[in-house]
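# Structure assessment
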Amino acid sequence: MLTARHVADDCVRVVVAKEGHVVGASVVALSSQLDIALIKVPKTLGLSAVFPRNVTVAANEMMFAAAYDTLPHMTARGGTLGNATVASGGSEAGYLAIDSNVTFGSSGAPVLDGRGLVQGVISGRINEVKLPTAYSAPMGEMSMSMLKVAPDRVLAVSAVRAKAFLAAHGIAIVEDDRPQIDPSGSRANRAASISARVTCLQN
Amino acid sequence: MHVTSINVCFRWRIIAVSLLALWPGLMLNEPGRGQEIGSGAGLAPTSALDYRDPAQAPPSWAQFAKLVKYRFETWISADEAVANRFRAYVMEHRDKDDGPPPTLVVRAWLNPDGTVERVSFPPLKDPQADQDLHTILKRGNIGEAPPPEMLQPLNLRFSLNLKN
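Residues numbered from 1 in each chain as written. Chains lettered and ligands numbered in written order. Predicted model: local features only at pLDDT ≥ 70, side-chain atom pairs only at ≥ 80, totals over all residues.

### Re helix α4 (residues 81-93) of chain B
Residues and elements named next belong to chain B.
- With 13 residues, α4 ought to run about 18 Å at 1.5 Å a step, and its terminal C-alpha atoms sit 18 Å apart, in line with that.
- Among the residues making up α4, those that are buried are A83, F86, R87, Y89 and V90. Viewed along the axis of α4, the buried residues span an arc of 150 degrees, placing them on a single side of the element. Facing away from the buried side of α4 by more than 90 degrees, the exposed set consists of A81 and E92.
- Note on α4: the residue one or two positions beyond its end, D95, has a positive phi of about 65 degrees. (Helix = DSSP H or I, 4+ residues; strand = E, 2+ residues; numbered from the N terminus. Expected span 1.5 Å × (residues − 1). Buried ≥ 20, exposed ≤ 12 C-beta atoms within 10 Å, placed from the backbone. Arc of directions from axis to C-beta.)

Written as structure tokens, this is what we have:
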């Protein structure tokens, strides 16, 4: 499973939960450059994510991103097509910037485009992103400038970099540029199908 | 977020559902094609021509079929009375005259809200097991709505292979 690095770092135990199933996970890799981590679970809980092969997203394109724990509420109300947009600027190398109201607990969540493809992995709000040490200095400068124009701006590790990270660790992924969900299908439901709650236990 | 498919490995024995998602129609009577699918799937030749090549189906259909497969696996492997009884039947009667077949093609009809409207499969020789499997496969919600244009029923081939 992919999650944010700051979610899986410095954990005594990592626990993954989904729909009543709880399994322990082990940390396989932490990116040294991006806020992304690879963890291993003994069984797949849900549907595997599909990444874009080549297709990218454009500014103002409708996206979906939400904390895992908020998804049941969304799906119970009939689902959600989109709740975020691709930001017109403010992205950083390796990251996708979106305008979204995601809150605490969304780190590691997928950012889905209209095709149901994973275009990013949530890192955090632009003033909360906890990048690895090598990126901490430039991030501080960027945070200050971005906060002036985009209080709801959220950074997600881009699909391109997430795929490269997975490939570097020998993980086979599913790639496709074709829609993986019906145009009228709820992205909230698809997010729920490919996601699980990841909890870091520190003692 | 799950990034790759791995074999489902539950705490104890499971019954795997191989994903042979077939949809009816569209390729009806296409020369040769249906026969290839039928023979590869181990289906009766008379029904083979009624199926659509999974490779030609939209990815959204395939994704939904994978989700149905996951749900069916989860429900069959659940630690509750009916599922436990069904797995016990399979374990105790496999390779026996009154046991389950090695593979079972299940036809499933899904409602727009993701619930299972109906399932159909060749009757098992044990009435209780037959009823239990119907109960298990209709008990929950798939979690997503089927693509509106998706042809139904969805045909899934169960491989009744037990893993310890």
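### Looking at the interface of chain A and chain B
- Chain A puts 32 residues into the contact, and the matching count from chain B is 20 residues.
- Going through the elements one at a time, β10 (118-125) and α5 (187-194) of chain A are the ones with two or more residues in the side of chain A that touches chain B.
- A per-element tally of the side of chain A that touches chain B places α5(A) first, with five residues. (Contact = placed C-beta atoms within 7 Å.)

### So, unusual backbone geometry
- The peptide bond linking Q152(B) to P153(B) adopts the cis configuration, its omega dihedral lying at 10 degrees.
- Structurally, P153(B) is set in the loop between α5 (127-137) and β5 (154-163).
- A positive phi angle, close to 50 degrees, is found at E19(A), a residue other than glycine.
- Note that E19(A) resides in the loop between β2 (13-18) and β3 (21-30).
- Accessibility expressed as a C-beta count within 10 Å gives 15 for E19(A), which makes it partly exposed.

### Some thoughts on helix α4 (residues 159-168) of chain A
Residue and element names in this part refer to chain A.
- Among all positions of α4, only A159, R161, A162 and F165 are buried. Take α4 and look down its axis: the buried residues cluster within an arc of 165 degrees, on one side only. Facing away from the buried side of α4 by over 90 degrees, the exposed positions are A167 and A168.
- Where the residues of α4 are buried, they touch β1 (2-3), β5 (50-51), β10 and β11 (153-158).

### Observations regarding the sheet that holds strand β4 (residues 37-40) of chain A
Residues and elements named next belong to chain A.
- Taken together, the five strands give an open sheet; going across it, the order is β1-β4-β3-β2-β13, and neighbouring strands pair in antiparallel fashion. What marks the edges here is a single partner per strand, and that holds for β1 and β13 (197-201).
- Bridging between β2 and β3 involves five bridges; their strand directions are antiparallel. Pairing of V14 across the sheet is with A25, part of β3. (Pairing = 2+ DSSP bridges.)

### Quick word on the sheet that holds strand β9 (residues 110-112) of chain A
Residues and elements named next belong to chain A.
- Strand order across the open sheet formed by six strands is β6-β7-β8-β11-β10-β9, with antiparallel pairing between neighbours. Only two strands of the sheet have a single neighbouring strand rather than two, namely β6 (62-63) and β9.
- Strand direction decides the pairing type here: β10 and β11, joined by five bridges, are antiparallel. Its bridge partner lying in β11, V121 is registered against V157.
- With respect to the sheet, α4 is in contact with β10 and β11, its orientation differing from that of β11 by roughly 40 degrees. (Axes fitted to C-alpha atoms, helices over the stretch in contact; angles between N-to-C directions.)

### A look at the nonpolar core
- If you look at the biggest cluster of nonpolar residues, it comprises 83 residues, and the most contacted ones within it are A65(A), I98(A) and A156(A).
- No other element matches helix α3 (residues 59-77) of chain B, which puts nine residues into this core.
- Setting aside anything within four residues of it in sequence, one finds I98(A) in contact with M63(A), A65(A), A84(A), T85(A), V86(A), A87(A), V111(A), V154(A) and A156(A). (Core = buried A, V, L, I, M, F, W, Y, C linked by C-beta atoms within 7 Å.)

### What to know about the packing of α4(B) against α5(B)
All names here are of chain B.
- The N-to-C vectors of α4 and α5 enclose an angle of 135 degrees; their axes lie 9 Å apart at closest approach. For the element pair α4 / α5, the angle class is oblique. For the element pair α4 and α5, the recorded crossing hand is left-handed. On α5, the residues touching V82, A83, R85, F86 and Y89 of α4 are A129, D132, L133, T135 and I136.
- When grouped by side-chain class, the residues that make up the contact of α4 with α5 number seven nonpolar, one polar and two charged. (Parallel < 35°, antiparallel > 145°, perpendicular 65-115°, else oblique. Left-handed = near helix turned anticlockwise from the far one by under 90°. Nonpolar A, V, L, I, M, F, W, Y, C, P; charged D, E, K, R; others polar.)

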